Amino acid sequence: MVTNVNCTDIIHKVEEVAEKLPQAKITENIIYVKPDMQIYLPNGAIDLKFKETYRNSVISFASKYDFVDSFMGFDLDLGYGFKPLLGVNLHDKVDFSEIFAKQETMYRSQSITPYAKLQLSQTSQLNFFLGFENTLITSAETSVKVEHGKNIMNKIIFINNTIKENNISDSKKGRNITLQIRHSVKPLGSDYDYANAEIYLMGYLPLVKNQVLEYKLNIGYPLYSTRKPLSELYYLGGYKLLKGYKYKEFSSEAMGYSEIKYNIPLTKVTNLNFLGITLAIITWNVFFETANIGDSKIFHTIPNIKSSIGTGIDCNLTIFKILPIKINFTVAQAFERRLPQLHCTIATTYYTWKTE
């Protein structure tokens, strides 16, 4: 018996069966990673950091290495949620420089810190942390432990940030206020017993013709201190605080630091091209910085003030139309009879890879 088969009927039957099968929708997710890198010369220090958000998850990573002053460290931060953002921070730092009684020592701190971050408004945030830190100081020559302790610490941080950046003129306006209290909780098993309060203020005040006045204030004060780890001391000197002095030249339990910087754009060029390098903006700045260094009596005793003055040039470049670079050259002179300090910073932001 011969049966005639109609191809059209077969196709319709296959389509009817396919419609009854479970359907799966495949989507493509692309995550772009945009790291920020800064190089500090002559120290040979490198800062590398990135922060990315994917749906309700946030991941950030920061790493730092200093060749001259011999230290390295990293931070890994994983968060999930929106209100509040819950997460954990992992921190590890090793310092080989002469930071303890002028002898060769190795200092290491490792911590795991769960946290909750609550967004109060578009510009304000309140953060809660509970950290579990191990600290270790050993002699580099004999490997004998100088200090070893467990630090269980809670932190409360309030942040109000209204800073906005103008990408065209490379200028900023607004201010950032950060208030922080750190407390080592001895009843929970901490080997330390102290509490520190900190105030950080940074702001930009636009003036005429894209000129900007930049100001900073950083205060660290011990509320009480029975015993604290080396990581809770404040260090000044070098390419960030007191640029007219050597890196980490000063250390203290309390400090008050302020800086005023006047930024003046010299030129803005968009068509100057040389060997694939486009020159964008050149800015000249002059600054004055001063710091009061001491213990808990810092604000009502004879001040121990260190100051420096300096000038610098910022230059924004774009290489091959894809790699933006900002170069800063700074010369700073301390208010003492010593040679001026030279600093160079190279910063870049670039998309390096993606996952699909």
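Per chain, the residues get numbers from 1 upward, laid out in the order the sequence is written. Totals for whole chains, interfaces and linings use every residue, but because this is a predicted model, local features are given only for residues with pLDDT of at least 70 and side-chain atom pairs only at 80 or more, for both listing and counting. Side-chain figures throughout are based on the complete set of non-hydrogen atoms in the structure, without hydrogens or water.

Engineer: Lay out the overall build of the protein chain in plain terms, naming residues and giving numbers.
Structural biologist: A count of helical and extended segments in the protein chain gives 1 helix and 22 strands. Burial classes follow relative accessibility: with a 1.4 Å probe on protein chains only, a residue under 20% of its type's maximum area counts as buried, one over 50% as exposed, and anything between as partly exposed. Across the 356 residues in the protein chain, those meeting the buried criterion constitute 36%. Contacts are assigned to residue pairs that have any heavy atoms within 4.5 Å of one another. Long-range contacts, defined here as pairs at least 24 residues apart, represent 51% of the contacts in the protein chain between residues at least 6 apart. All accessible-area figures derive from a Shrake-Rupley calculation using a 1.4 Å probe, and residue coverage is judged against the displayed protein chains alone. Counting every atom, the protein chain has about 21600 Å² of accessible surface; 62% of that belongs to carbon and sulfur. Starting at the N terminus, helices and strands are each numbered in turn, a helix being any DSSP run of H or I of at least four residues and a strand any DSSP run of E of at least two.

Engineer: Help me get a handle on the pattern of salt bridges, residues and values and all.
Structural biologist: Here, a salt bridge means any Lys or Arg side-chain nitrogen found within 4 Å of an Asp or Glu carboxyl oxygen. By the definition in use, this model includes 11 salt bridges. Among the salt bridges present, the one from arginine 108 reaches aspartate 92, with a minimum N-O distance of 2.7 Å. Here arginine 108 is found in strand β7 (residues 105-119), whereas its partner aspartate 92 is found in strand β6 (residues 85-95), with 16 residues between them in sequence. Note on arginine 108: relative accessible area 30%, which makes it partly exposed. Overall, the relative accessible area of 14% leaves aspartate 92 in the buried class. Residue arginine 182 is joined to glutamate 198 by a salt bridge in which the shortest nitrogen-to-oxygen separation is 2.9 Å.

Engineer: Could you give me a rundown of the environment of isoleucine 157, with the residues and numbers involved?
Structural biologist: Mapped onto the elements of the fold, isoleucine 157 is located in strand β9 (residues 145-161). Ignoring sequence-local partners within four residues, the contact set of isoleucine 157 consists of Gln125, Leu126, Asn127, Phe129, Thr178, Leu179 and Gln180.

Engineer: I'd like to hear about the pairing of strand β3 (residues 45-54), residue by residue, with values.
Structural biologist: Within a regular beta strand, the side chains point alternately toward one face of the sheet and then the other, so they alternate between its two faces. Judged from the 5 bridges that link them, strand β2 (residues 36-41) and β3 form a sheet pairing that is antiparallel. By the bridge assignment for β3, glutamine 38 is matched with aspartate 47. Here β2 folds back onto β3, and the loop between the two strands holds 3 residues, one of which, glycine 44, carries a positive phi near 70°. For β3 and strand β4 (residues 57-66), the ladder comprises 10 bridges, and the chain directions are antiparallel. The partner of phenylalanine 50 across the bridge, within β4, is phenylalanine 61. For two strands to be treated as a pair, DSSP must find at least two bridges joining them. Where β3 folds back onto β4 in an antiparallel hairpin, the turn is made up of 2 residues, including arginine 55, whose phi is positive at roughly 55°.

Engineer: Please give an account of the side chain of lysine 64 that cites residues and values.
Structural biologist: Examined against the element boundaries, lysine 64 turns out to sit in strand β4. Charge assignment in this entry is limited to Lys and Arg as positive and Asp and Glu as negative, and neither His nor the chain termini are counted. Buried and without a salt bridge, lysine 64 has aspartate 47 as its closest oppositely charged side chain, separated by 4.1 Å. Residues adjacent in sequence count toward polar contacts only when both atoms are side-chain atoms; beyond that, a polar contact is any pair of N or O atoms within 3.5 Å, and within protein one must be able to donate a hydrogen and the other to accept it. Here tyrosine 239 takes part through its side chain, which lies 3.5 Å from a polar atom of the side chain of lysine 64.

Engineer: Describe a nonpolar patch on the surface, and please don't skip the residues or the numbers.
Structural biologist: Patch membership requires over 30% relative accessible area and the absence of a salt bridge. Like charges are linked within 9 Å, and nonpolar side chains (Val, Leu, Ile, Met, Phe, Trp, Tyr) within 5 Å. A surface patch of nonpolar side chains, about 490 Å² in accessible area, is lined by Tyr65, Phe67, Val68, Met72 and Phe96. Along the polypeptide, tyrosine 65 turns up in strand β4.

Engineer: Please provide a residue-by-residue account of the nonpolar core, values included.
Structural biologist: Buried Ala, Val, Leu, Ile, Met, Phe, Trp, Tyr and Cys residues that are joined via side-chain atoms within 4.5 Å together make up what is termed a nonpolar core. In this structure, Tyr234, Leu236, Leu242, Tyr245, Phe250, Met255, Tyr257, Ala291, Ile293 and Ala334 together form the largest nonpolar core, which totals 10 residues. If we ignore the near neighbours within four places in the chain, the residues touching tyrosine 234 are Arg182, Asn196, Ala197, Glu198, Gly220, Tyr221, Phe250, Ser251, Ser252, Glu253, Ala254 and Met255. Core analysis: the second largest hydrophobic core is formed by 7 residues, Ile282, Cys315, Ile319 and Ile327 among them.

Engineer: Outline the environment of glutamate 232, supporting the account with residue identities and numerical values.
Structural biologist: Inspection of the secondary structure assignment puts glutamate 232 in the loop between β13 (212-227) and β14 (234-236). Given a relative accessible area of 6%, glutamate 232 falls into the buried group. Along the backbone, glutamate 232 and serine 252 are 20 residues apart, and their C-alpha atoms lie at a distance of 9.2 Å. Ignoring anything within four residues of it in the chain, the contact list for glutamate 232 reads Met153, Arg182, Tyr194 and Asn196. At 2.6 Å, the side chain of glutamate 232 forms a polar contact with the side chain of arginine 182.

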